[in-house]
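Each chain, letter by letter, is given below.
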Amino acid sequence: MRRRRSIRAYLDKPVPRAEIEEICRLARTAPSGANLQPGRFHVLTGTPLRNLISGIDAAIGAGVPEATEYSWFPEPMPPELRERQRAAGYALYQALGIARRDLEGRRQQFRRNYAFFGAPVGVVVTIDRRMGAGCFMDLGMCLMGFLLAAEARGLGATGIGALANYGPTVHQLLDLAAEEMVVCGIALGFPDHEAPENQVRTAREDLPAYTSFRGFPDS
């Protein structure tokens, strides 16, 4: 878990299907309330992945508005969380040599989300929209299992929440079932360890900031 990081640059090297299948199986061992096992993985590579990327790019170019089906960030964003968000963005842009005032450079980098950062494998994660809000928590544990299983196999991955911004477009391009909601994407492949964006580490809060202990001798 300490070794894992978000990988945003990949080698041009295919990932064997058998490896991905095992990652998906391991991810599904995550706990879930009443064993509902919410969420589905739509795994793409080659032409299907290129077609999805070009379809999203065409939608953006045509001015299709963003239309996510669920809220990701708090609205309004509290100042302390806004600062944390900015710090993460600045760290990435600095590593890539993108100046703070280079709005076009930032925009182009953000659009790489929709190209799965050049990874050879793209995963579209969906959930049955009839599920309760708690099932998103269960799906989150499943996604963490996916990321850790990939890391254990020498692969790199990153979640792509931005994919949900064009959820209806992705839904149409993949001809998904009516009840499926696009939650996020995952880029998967062999990491380019020399790429500057893969050197970025975001900070985590210290233990006292988010943990309380009661009933222990030193509490």
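Please read all numbers here as calculations on a predicted model, not as lab measurements. (Residues numbered from 1 in each chain as written. Predicted model: local features only at pLDDT ≥ 70, side-chain atom pairs only at ≥ 80, totals over all residues. Heavy atoms only, no water.)

Caption draft 1: Spotlight on helix α5 (residues 134-152). Across its 19 residues, α5 extends 28 Å between first and last C-alpha, which sits within 8% of the 27 Å expected from 1.5 Å per residue. Here α5 has its buried residues at Cys135, Asp138, Leu139, Cys142, Leu143, Phe146, Leu147, Ala149, Ala150 and Glu151. In this fold, the buried residues of α5 make contact with α1 (17-27), β1 (40-45), β2 (121-128), β3 (156-160) and β4 (180-189). Immediately beyond the C-terminal end of α5, within one or two residues, lies Gly154, with a positive phi of roughly 80°. (Helix = DSSP H or I, 4+ residues; strand = E, 2+ residues; numbered from the N terminus. Expected span 1.5 Å × (residues − 1). Buried < 20%, exposed > 50% of the residue type's maximum accessible area, 1.4 Å probe, protein only. Contact = heavy atoms within 4.5 Å.)

Caption draft 2: Summary view of a nonpolar patch on the surface. On the surface, Leu207, Tyr210, Phe213 and Phe216 cluster together into a nonpolar patch covering about 470 Å² of accessible area. If you trace the backbone, Leu207 turns up in helix α7 (residues 207-210). By relative accessible area, Leu207 is classed as partly exposed at 45%. (Patch = residues over 30% accessible without salt bridge, like charges linked within 9 Å, V, L, I, M, F, W, Y side chains within 5 Å. Areas by Shrake-Rupley, 256 points an atom, 1.4 Å probe, with all protein chains shown as cover. Salt bridge = Lys/Arg side-chain N within 4 Å of Asp/Glu carboxyl O.)

Caption draft 3: Region of the structure containing the pattern of salt bridges. Per the stated rule, a full pass over the model turns up 12 salt bridges. In this structure, Arg25 and Glu22 form a salt bridge, with 3.8 Å as the shortest nitrogen-oxygen distance. In this pair, Arg25 and Glu22 are both assigned in helix α1, 3 residues apart and thus about one turn of the helix distant. Since its relative accessible area comes to 52%, Arg25 is described here as exposed. By relative accessible area, which is 30% here, Glu22 ends up partly exposed. Linked by salt bridges that have partners in common, Arg17, Glu21, Glu22 and Arg25 make up one network.

Caption draft 4: Spatial organisation of the sheet that holds β3. Spatially, 4 strands are ordered β1-β2-β4-β3 in an open sheet, and the strand pairing comes out antiparallel. The open sheet has two edge strands with one neighbour each: β1 and β3. Recorded for the sheet is a direction-independent mean angle of 25° between the axes of neighbouring strands. The sheet contact formed by β3 and β4 spans 5 bridges and is antiparallel. (Pairing = 2+ DSSP bridges. Axes fitted to C-alpha atoms, helices over the stretch in contact; angles between N-to-C directions.)

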